[in-house]
Amino acid sequence: MVVYRLIVLIGIIWMAAPIRAADWSIYTKIDAFAYSEPVSIDAFTQDFDDTLTSGDDAFTHDQIEFGLKWRNWRLAAVTRFDYITEFTNDTALVHFWEKHDIPIDEERQYDLALRVDKVVADGFKLGYTHKFGNNVSIDAAFSYYPRPRDLLSGKVTGFGDPSVDQQTRDTAQTIIDSLTIRNPDLSPLYGVVADIVTTVTVDYHYGEPEFGEPEFRQPHIIGDPNPTVSGVDFSEPEGKGFSLDLALDWQVNEKLHLSLSVQDIYNEFQWDDAPFTVTTFVLNPFLVEAIAMAQEFALGEVVAPNDLVDEHVQVFIGNASHDQHLPWRADLAVGYKLDPEFELFGYRPAQLTLIGGYYRASRVDFPRIGLGIGNRVKVEFDITSKALAATYMGRYLYARLISDSFSTKDAKIFGLEIGLNYAF
C-alpha cells in the first residue's frame, strides 16, 4: 500500500511538472547507527557476555529511504526502526550480575531505572531545499507514517537493596526462634525491617506485553489467585505519526564551510487504545503490616494474608491512547580548507581540509576531528567512542562507515550510510 501511494504521488508530480530529463533523479539512502555504552552492541542485544564498563545509554536509529527528486523537491518512501534505552549504572550492573549468576552485593543501595522507546514505521517523506544565493541553503523534510507498529514506550524504576543481607535474616530468625506461647512478641522485628527500603514501579505502553499480562493473576500468599485479566485488548494498537527534519548548509567563504542537520526536531507518534500496565510496590510498609498480621496470628486472631498482597502490590492493566515522542538528533560539521601550498614532509598532497564535528543522539555527545583529502574522502576520529570514520563522496555514490572495532561483534559503536543517486 505504501509503495502504491508513492507511485500515485510521483505520477501526479510528473504530470504536473515540465518534463525535462535534467530536472529528475532517483535516489536511495540507507542510514544505520547503533551505540551501546556498557557492553558491545552484540552483547547488549543478547546476554551481556562482555566486559562491563560504566554506561547508561544504548540505542539504534536505522532508516531506509527510496525516492525521486525534481529540482529542489523530493518525495520518498521511508522505513525507520528506532530503539532507545536509557538506564542507570546500577541497572546495568544488576542485570549483568543476574545474567552471569553473580551474587548481588548486599552492602549497598541501588538506584534502578530503565526507560525504553521503540518504534517501527513505514511512510512518506516530502522534502524541499531552498537556496539563498550560491552559498546558503536550507532543507526541510516532513515524514508521515500512516501505520506505525511495534510500540514499546515506558519506564521501570526502583530504589533500594534488591535482596536482604544475611545478617538481617539471621537477626530476624533469632527473634522468631525466641518466641514462646507466653511471650509471642514480634515487635523487635520492626527495628530489623526499618532500614529495608525498596520501591519498584513499572509504567509502560506496548504492542506486545513484556511481563505476561494476558495471563496475569494477582499473587496471593495462600489460596487460589484471582482469575486472569479480562476486558483488555492486547492486540497491536493502531496509530499514526510524523516527524520533521531541518538542515542548513553554508559556504562561509572559500575556505570555511558549515553544515547542521537536526533529525526528528519535532515528532509524535499517536497510538489509539494501546495496552498498558502500571505496577507499584513498596516493600517497607508491606513488611511492617506483615509483622502486624503475624502478631495477630500469633495471638490467635483470624487474619487474611491475601488482603496484604492486594493492598501493597498495585497492578492496573488497561487500554489508553498514548502519544510517544522520540529524542531529536543533531549533527554539526565544520570544514576549513588549508592553503593549497601546504606541504607535508616535503610532499604537496591533494587539497586538505581540517574537519571538526559534533553529533548528539539520545543523551550522548560524539565530538570528532578529522581530515578531508581532496573533495571525496574524509577520515575522522570520534572522541567519545574512540572510533574511526571513513567517508567517500562520489558523483553517484555516498558511503560512510564508523566503528570502534574491526570486529562487529566487539563494536560498541557502528554506523553505516550508503546513498545512491542517478540523474536522468
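This is a predicted model, so every value here is computed, not measured. All residue numbers refer to position in the chain's written sequence, counted from 1. Predicted model: local features are reported for residues with pLDDT of at least 70 only, side-chain atom pairs are reported and counted for 80 or more only, and whole-chain, interface and lining totals are derived from all residues. Heavy atoms from the whole structure form the basis of all side-chain values; hydrogens and water molecules are not counted.

Section: unusual backbone geometry
Reasoning step 1: Of note in the backbone geometry, R71 takes a positive phi value of approximately 55° without being a glycine.
Reasoning step 2: Put simply, DSSP H or I for four residues or longer makes a helix, DSSP E for two residues or longer makes a strand, and each gets a number counted from the N terminus. Checked against the element boundaries, R71 lands in the loop between β2 (57–70) and β3 (73–87).
Reasoning step 3: For every residue, the accessible area (1.4 Å probe, protein chains only) is compared with the maximum for its type, and the residue is labelled buried under 20%, exposed over 50%, or partly exposed between those bounds. On the basis of relative accessible area, R71 is assigned to the partly exposed category, the value being 45%.
Reasoning step 4: Residue K386 is not a glycine yet carries a positive backbone phi of 55°.
Reasoning step 5: Tracing the backbone shows K386 in the loop between β14 (377–382) and β15 (387–393).

With respect to the layout of surface pockets
Reasoning step 1: Empty space within the second largest pocket amounts to approximately 1200 Å³.
Reasoning step 2: Along its surface, the second largest pocket is lined by 46 residues, and L114, V116, V156, E210 and F211 are the ones closest to its centre.
Reasoning step 3: Sorting the residues of the lining of the second largest pocket by element identifies α2 (41–45), β3, α3 (89–99), β4 (110–132), β6 (149–160), β7 (199–206), β9 (256–282) and β10 (313–324) as the ones contributing at least two each.
Reasoning step 4: Split by residue class, the lining of the second largest pocket holds 22 nonpolar, 15 polar and nine charged. Grid spacing is 1 Å over the protein atoms alone, the probe is 1.4 Å, and a cavity is where that probe fits but cannot get out, while a pocket is an open set with protein on both sides within 12 Å along at least five of seven lines and lining residues have an atom within 4 Å of a point. Grid points are joined across faces, edges and corners, and a volume is the space filled by probe spheres set on the points. Classification used: nonpolar for Ala, Val, Leu, Ile, Met, Phe, Trp, Tyr, Cys and Pro, charged for Asp, Glu, Lys and Arg, polar for all others including Gly.

Observations concerning the environment of I30
Reasoning step 1: Position of I30 among the secondary structure elements: in strand β1 (residues 24–36).
Reasoning step 2: Overall, the relative accessible area of 37% leaves I30 in the partly exposed class.
Reasoning step 3: The contact rule is simple, with two residues in contact once any of their heavy atoms fall within 4.5 Å. Among all residues touching I30, those that are not within four sequence positions of it are Q63, I64, L416, E417 and I418.

Focus: the confidence of the model for the protein
Reasoning step 1: Put simply, the protein has an average pLDDT of 87, and 89% of its residues get 70 or more.
Reasoning step 2: Scored from 0 to 100, pLDDT records how confident the predictor is in each individual residue. Ranking the helices and strands of the protein by mean pLDDT puts strand β5 (residues 136–145) first, with 98, and helix α1 (residues 2–16) last, with 54.

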